[in-house]
Amino acid sequence: RAGRCQPGVWFRLFSSLQWQAMPEYTEPEILRTPLEELCLELSSLGLGPPGEFLASAISPPKALMVEHALELLHRIGATEDVA
């Protein structure tokens with residue numbers, strides 16, 4: 001119950017097989033987040049074209065994937081133009 005009722009420490013135990021199967025580093029969140037959602041949020045924040053903004057990220061998604069996400073958003077009427 002650590003952190004819910006009072007301060008405390010929580011431990012999670014893993015078997016050696018589970019530990020060995022874990023990746024050394026997790027994939028960056030920007031690559032795990034649905035690009036359509038991310039592009040809509042960037043558009044609503046007025047940070048410029050989502051493709052350009054995402055290209056400047058430390059671990060940017062592939063340009064083709066961003067282009068497909070923007071085309072889908074335009075096709076379903078979520079955006080007015082493909083930026």
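Check the entry above for the structure.
Residues numbered from 1 in each chain as written. Predicted model: local features only at pLDDT ≥ 70, side-chain atom pairs only at ≥ 80, totals over all residues. Heavy atoms only, no water.

Structural notes on the environment of Pro60
- Tracing the backbone through its elements, the reader meets Pro60 in the loop between α4 (50-55) and α5 (63-75).
- Taking relative accessible area as the criterion, Pro60 reaches 37% and is therefore assigned partly exposed.
- Separated by 29 residues in the primary sequence, Pro60 and Leu31 have C-alpha atoms spaced 7.5 Å apart.
- Leave out the neighbours within four places in its chain, and Pro60 touches Leu31, Leu54 and Ala55. (Helix = DSSP H or I, 4+ residues; strand = E, 2+ residues; numbered from the N terminus. Buried < 20%, exposed > 50% of the residue type's maximum accessible area, 1.4 Å probe, protein only. Contact = heavy atoms within 4.5 Å.)

Overview of a nonpolar patch on the surface
- A cluster of nonpolar residues, Phe14, Trp19 and Met22, forms a patch on the protein surface that exposes about 330 Å² of accessible area.
- Looking at the secondary structure, you find Phe14 in the segment before α1 (16-21).
- A relative accessible area of 36% places Phe14 in the partly exposed class. (Patch = residues over 30% accessible without salt bridge, like charges linked within 9 Å, V, L, I, M, F, W, Y side chains within 5 Å. Areas by Shrake-Rupley, 256 points an atom, 1.4 Å probe, with all protein chains shown as cover. Salt bridge = Lys/Arg side-chain N within 4 Å of Asp/Glu carboxyl O.)

Re the nonpolar core
- Grouped together as the largest cluster of nonpolar side chains are 9 residues: Leu35, Leu38, Cys39, Leu42, Leu54, Val66, Ala69, Leu70 and Leu73.
- Of all elements in the fold, only α3 (35-45) and α5 reach the threshold of two or more residues within this core.
- Each residue touching Leu35, except ones within four places of it in the same chain, is listed here: Leu54, Pro61, Met65, Val66 and Ala69. (Core = buried A, V, L, I, M, F, W, Y, C linked by side-chain atoms within 4.5 Å.)

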